[in-house]
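A closer look at the structure
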Amino acid sequence: MVPRRGQGHHHFMSHRNFIWICLLPLVVVTAAFFLLPMAQLLAVGAGGSRGVSAYLAIITEPRYRATLINTVVLAAATTIATLVIATIAGLFLQRHRFPGRAVLIAMLTFPLAFPGVVVGFLIILLAGRQGLIGAITAAVTGEKVVFAYSIFGLFLGYLYFSIPRVILTVMAAVQKLDIGLEEAARSLGASPWAVQRDVVLPALGPAFVASGAIAFATAMGAFGTAFTLATNIDVLPMLIYTEFTLAANFAISAALSIGLGVIAWAILALARSMSGGAVAAAG
Amino acid sequence: MSGIAGHGAAVHIENCGKTFPDGTQALAPASLDIVSGETLVLLGPSGCGKTTMLRIIAGLETPDAGGRVLFDRTDMTAVPIEQRHVGMVFQSYALFPNMTVAENIGYGLKIRGVDKAARAARVAEMVALTNIGGLENRRIDQLSGGQRQRVALARAVAVRPRVLLLDEPLTALDASLRDRLRSELNSLLRSLGITAIYVTHDQAEAMELGDRIVVMRKGAIAQIGTPREIYFAPQNRFVAEFVGAANIVEGPVSGGRLTLPGGWLALNDAADNAAAVAMIRPETIGIVAEADAFLRGMVESVAFIGDRQRLVVTGAANKPLTVDAPNTINVRAGERVGLSVTPQAVRVLPKED
Amino acid sequence: MRDRLIFAGQLGFTLLVAAFLVVPVVLSISAGVTVNYFRGIQSGVTLQWVVQVWNLYAGEIGLSFLIAFATLAVTLIVGVPAAYGLHVKGGRLSRVIEEIITLPLAIPGLAIALALLLTYGGFGGFRQSWLFILTGHVVFTMPFMVRSVMAVFASVDIKTLDEGAASLGASPWTRFCNVIVPNAMPGILAGSLMVVTLSLGEFNLTWMLHTPLTKTLPVGLADSYASMRLEVASAYTLIFFIMIVPLLVAMQMFAEKGEKK
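These numbers were taken from a predicted model, which means no experiment stands behind them. (Residues numbered from 1 in each chain as written. Chains lettered and ligands numbered in written order. Predicted model: local features only at pLDDT ≥ 70, side-chain atom pairs only at ≥ 80, totals over all residues. Heavy atoms only, no water.)

To continue, consider the environment of Leu76 of chain C. Residues and elements named next belong to chain C. Structurally, Leu76 is set in helix H2 (residues 48–89). For the pair Leu76 and Met145, spaced 69 residues apart in the sequence, the C-alpha separation amounts to 7.4 Å. With residues near it in sequence (within four places) discarded, Leu76 still touches Pro81, Met145, Ile188 and Ser192. (Helix = DSSP H or I, 4+ residues; strand = E, 2+ residues; numbered from the N terminus. Contact = heavy atoms within 4.5 Å.)

The positions that UniProt labels "transmembrane region" (unreviewed entry) are, in the present scheme, residues 61–88, 100–123, 129–156, 176–200 and 233–255 of chain C. Between the C-alpha atoms that bound residues 233–255 of chain C there is a distance of 32 Å. The span itself is 100% helix and 0% strand. (UniProt positions renumbered as here; feature names shortened; annotations may be inferred.)

For interface size, the figure often reported is the accessible area lost on association. Residue and element names in this part refer to chain B. According to the domain assignment, chain B contains domain 1 (11–239) and domain 2 (245–349). Computed from C-alpha coordinates alone, the two centres of domain 1 and domain 2 are separated by 39 Å. Counting residues at the interface gives eight residues for domain 1, matched by eight residues for domain 2. At the boundary of domain 1 with domain 2, total buried surface from both sides reaches about 740 Å², with 49% on carbon and sulfur atoms. In this structure, the connection of domain 1 to domain 2 is made through one salt bridge. Its salt-bridge partner being Arg237, residue Glu250 comes within 3.7 Å of it at the nearest N-O pair. Linking domain 1 with domain 2 are three residue pairs in polar contact (both at pLDDT 80 or more), by the criterion used here. With three residues, helix H7 (residues 227–232) is the largest single contributor of residues to the side of domain 1 that touches domain 2. Here the side of domain 1 that touches domain 2 is composed, by residue class, of five nonpolar, two polar and one charged. (Domains from an automatic or database assignment. Buried area = accessible area lost by both parts, 1.4 Å probe. Salt bridge = Lys/Arg side-chain N within 4 Å of Asp/Glu carboxyl O. Polar contact = N/O pair within 3.5 Å; in protein donor to acceptor, adjacent residues only side chain to side chain. Nonpolar A, V, L, I, M, F, W, Y, C, P; charged D, E, K, R; others polar.)

A residue-level look at chain C finds 98% of positions with pLDDT of 70 or above and a mean pLDDT of 88. Scoring the predicted complex yields pTM 0.82 and, for the interface, ipTM 0.87. (pLDDT = per-residue confidence, 0-100.)

Counted by the stated rule, this structure contains 27 salt bridges over all chains. Notably, a salt bridge pairs Arg162 of chain B with Asp72 of chain B, separated by 3.6 Å at the nearest N-O pair. Of the two residues, Arg162 of chain B is situated in the loop between helix H4 (145–158) and strand E7 (163–167) and Asp72 of chain B in the loop between strand E4 (68–71) and strand E5 (74–75); the sequence distance between them amounts to 90 residues. A relative accessible area of 34% places Asp72 of chain B in the partly exposed class. Between Glu184 of chain B and Arg150 of chain B there is a salt bridge, and its shortest N-O distance comes to 3.2 Å. Remark: Arg150 of chain B occurs in helix H4 and Glu184 of chain B occurs in helix H5 (residues 175–192); sequence separation between them is 34 residues. Assessed through its relative accessible area of 30%, Glu184 of chain B is described here as partly exposed. For Arg150 of chain B, a relative accessible area of 11% puts it in the buried group. Among the charged side chains, a salt-bridge network with shared partners connects Lys18, Arg55 and Glu61 of chain B together with Glu163 of chain C. (Buried < 20%, exposed > 50% of the residue type's maximum accessible area, 1.4 Å probe, protein only.)

Now for the interface of chain A and chain C. Opposite the 80 residues of chain A that make contact, chain C presents 81 residues. Seen at the junction of chain A and chain C, the total is one salt bridge. The salt bridge partner of Arg272 of chain A is Glu99 of chain C, with a shortest N-O separation of 2.3 Å. On inspection of chain A and its partner chain C, the count reaches nine residue pairs in polar contact (both at pLDDT 80 or more). Going through the elements one at a time, helix H1 (15–46), helix H3 (62–95), helix H4 (101–109), helix H5 (116–127), helix H7 (151–176), helix H11 (224–229), helix H12 (236–245) and helix H13 (250–275) of chain A are the ones with two or more residues in the side of chain A that touches chain C. Ranked by the residues each element gives to the side of chain A that touches chain C, the list is headed by H1 of chain A, at 21 residues. Residue composition of the side of chain A that touches chain C, by class: 65 nonpolar, 14 polar and one charged.

Take the packing of H1 of chain A against helix H3 (residues 91–106) of chain C next. Running from N to C, H1 of chain A and H3 of chain C point in directions that differ by 40°, and their axes come no closer than 11 Å. By the criterion of interaxial angle, the relationship of H1 of chain A to H3 of chain C is oblique. When you trace H1 of chain A past H3 of chain C, the crossing you get is left-handed. Residue-level contacts link Trp20, Leu26, Val27, Thr30, Phe34 and Leu35 of chain A of H1 of chain A to Leu93, Ile97, Ile100, Ile101, Leu103 and Pro104 of chain C of H3 of chain C. (Axes fitted to C-alpha atoms, helices over the stretch in contact; angles between N-to-C directions. Parallel < 35°, antiparallel > 145°, perpendicular 65-115°, else oblique. Left-handed = near helix turned anticlockwise from the far one by under 90°.)

Enumeration according to the criterion identifies 35 aromatic pairs over all chains in this entry. Between Phe227 of chain A and Tyr241 of chain A the ring centres are 5.6 Å apart and the planes differ by 85°, which places this aromatic pair in the edge-to-face class. Note that Phe227 of chain A is positioned in helix H11 and Tyr241 of chain A in helix H12, a separation of 14 residues in sequence. For the pair Tyr120 of chain C and Phe126 of chain C, a centre-to-centre distance of 5.8 Å together with 85° between the ring planes defines the contact as edge-to-face. (Phe/Tyr/Trp six-rings, centres within 6.5 Å; stacked < 30°, edge-to-face > 60°.)

Judged by nonpolar contacts, the single largest core of 264 residues is most densely connected at Phe114 of chain A together with Ile105 of chain B. With 17 residues, the top contributor of residues to this core is H2 of chain C. Listed in part, the 25 residues of the second largest apolar core include Val249, Val253, Leu265 and Leu321 of chain B. (Core = buried A, V, L, I, M, F, W, Y, C linked by side-chain atoms within 4.5 Å.)

Under the local residue numbering, the UniProt record ascribes the feature "domain: ABC transporter" (unreviewed entry) to residues 11–243 of chain B. Taken end to end, residues 11–243 of chain B is 36% helix and 24% strand, and its first and last C-alpha atoms sit 25 Å apart.

Attention shifts here to the side chain of Thr214 of chain C. Residue and element names in this part refer to chain C. Note that Thr214 resides in the loop between helix H9 (204–209) and helix H10 (217–227). Of note is the side chain of Thr214, whose polar atom sits 2.8 Å from the backbone nitrogen of Thr211. Discounting residues that sit within four places of it in the chain, Thr214 has contacts with Leu63, Gln128, Ser129, Trp130 and Ile133.

Now for the environment of Leu213 of chain C. Residues and elements named next belong to chain C. Looking at the element boundaries, Leu213 is found in the loop between H9 and H10. For Leu213, a relative accessible area of 79% gives the class exposed. The spacing of Leu213 and Gly44 is 169 residues in sequence and 36 Å in space, taken between C-alpha atoms.

Residues and elements named next belong to chain A. Contact pair H5 / helix H6 (residues 132–141): the axes reach a minimum separation of 3 Å and the direction vectors enclose 10°. As summarised for this structure, H5 and H6 are arranged roughly parallel, according to the angle between their axes. Across from Leu125, Leu126 and Ala127 in H5, the residues of H6 making contact are Leu132, Ile133 and Gly134.

The next point concerns the UniProt feature "domain: ABC transmembrane type-1" (unreviewed entry) in chain C. The UniProt feature table records "domain: ABC transmembrane type-1" (unreviewed entry) at residues 61–251 of chain C. Structurally, residues 61–251 of chain C is divided into 88% helix and 0% strand, and its ends, taken at the C-alpha atoms, are 21 Å apart.

Let's shift gears to the sheet that holds strand E6 (residues 86–89) of chain B. Residues and elements named next belong to chain B. The strand order across the open sheet built from six strands is E6-E7-E8-E3-E9-E10, with neighbouring strands paired in mixed fashion. Looking at which strands have only one partner, the edges of the open sheet turn out to be E6 and strand E10 (220–225). Going across the sheet, the axis of each strand differs from the next one's by a mean of 15°, ignoring polarity. Here five bridges tie strand E9 (residues 212–217) to E10, and the two strands are oriented antiparallel to one another. The residue of E10 that forms the bridge with Arg217 is Ala220. Along the sheet, H4 makes contact with E6 and E7, crossing E6 at roughly 170°. (Pairing = 2+ DSSP bridges.)

Okay, here's the thing in structure tokens:
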């Protein structure tokens, strides 16, 4: 029997202590396997022959800078293309009901959690030496088109990776749109295009910012796809990987990966402050 | 009876204040005594500190240093809620969605190690008491609002708590259901004879349920008293206006008379005062022929409400007076009337800044 | 008329996008069961490549499941109580902790892997065991579990339920078992699916952290893409799809159920 009066209470754990015990394992795991390693990464980055200036090498060293620009341009192109594609498809799917719609949505979203390596392989099957596009072009024009290992192949890979999750975000945002706003605009005489331009797209702004930032940050750091396709292309993740494993240049690879992390994090933080929602990159 | 009735503890609250970490004072240090078996209502507008007071008694908040909570003279201040042996009905009911109705009601007994048979018997008793027979195996999301309220009450009472704490238990219900459950709750509390502390912002609830009412305002106690005392003898303007409708009139007092623009009112032993403030309840003002009255005015409007009619009379006091007249008398807007008010019905309020 | 044209145009475009996503998967599946992909499907259908993959990579596949379920166990034991603690505690400290554990979603896996290597790479026994990969997976998947559970807490007013149980005499631990966990179940299940799916497919961290003796399924995939004939690589991908697609479907169903509520 629980003691009726208060004397027994000190045998029990207070709620406050219980909450601390709940949090403790997470704090320990995060400190040991995330914060401490990240601090070590920071220290190693500054501990090479360049010292702290290693952190500037990503901008000052022409080779690294070229790679950075390459990566940013590629990520930006991926983001814009994904947003355009996902908006058209997402608006269409959320605004129309037709037979087969559910199947179509499933087809567009099931590659959501494919790892980058698998996406890379799928691009090889599409545009590689034994790829479908090569076979078709060879049959039609007599010339086999192969671009899986070019920057365009990588672009397609990133696109493949980003489209499902951006479509999901756009569809969710469209669902939340107040149809009354569109009807009001039409009652005021706006044409369908004007309604899209003046009402729908502005209302989707936060969703664009959020999902665009995720697509951008993910493309910046995507390693799996690049690892499969980008044997000859300079993108930041591949540069870091080769500096680390082949050149054993720990300080530079640490500094570069910190730079990459900061860029990805900053983009997401900026987007989050603009859109007010939760924004996170995906592996 | 195997004791549906709990044993009510006397609750003593001493200097309990609450300052939140951000520096806002939700409750100024206050003391309060609740007699065993009494139903005490904490009444006030939102943000007045009534819920904070209740949560301090429950053990969900710790009072600022110096505050103490005693149950039957035992200091409970440092005892967490789970060992205070209270019963609590939450505004949102806090019924566990993962348990059936019967499991919810029996949960406190299960925690106390009561065996299955005794638990089932007590649950059945509670189900009968709160009129929810047939719902025992329902899930919470299959219940209506009123049913949830009853389950929450049954669950809190099942453990025979020393103190039953109710935090706005009827607020989430619609008006007609609220009225019905209010009288049910009233007879239940009377029959249980349990010590109950009831938080509400609804003065009708407070009047019907409370043995005594604590009116609170801005984190402090404005008045403690029986419903009649609170209603007829408010100690300040806030209580007068918060509980029921009130006419507040101002004028000079001399020789036991309060002089107003439309005449004067007789007072019970009031000291002379150049600028007195007094309260008159609308239903205590009688409509009489102009010639028979010492206070006169003109009917500005008449609103027929059914059980009575509400008149607004101008010219009598410094402000229009609200008068609740019987629905049988015949007055029209624009008519001049006399007003009769007994000295007992005029309550002189202390001067406030 | 114009409306129908617009509809047809949008439908065509959407179908094209779907084809871009689906056709390569179909190619991969068919390549995995074709005798000779270069000659096409008329060369015959076979399971020999799948069997060959199984013989070559069963160890990798097994290790992936071991790591996925170990990751799940750790994220459950550590993440669920933490989600409760963060929700109930609230305040600035909780927000900071939540922010920090969410960082691995923003920082590329490559950077986290390098950090782990540079910090613990010297501890030979640890470095060479699968536990090293486990730490990476735990860091990467933890936010999904914690946030998924916290999302449920935000929607069921867990704080009042907790107080309700406390008012009935239940100790913090009893409340946690009887009230908190059962009511967090939808979030725990959604988080679990997410954690297992992500762990099974994780490559970015794992490629850096693995050793020749601790290869996982995706590491094996990358191996096969680089060194095996297309049919074998496709068969391996097919096996991966068979494992991951049911999880994805379950996750999708969960998301839809959650939306309806």
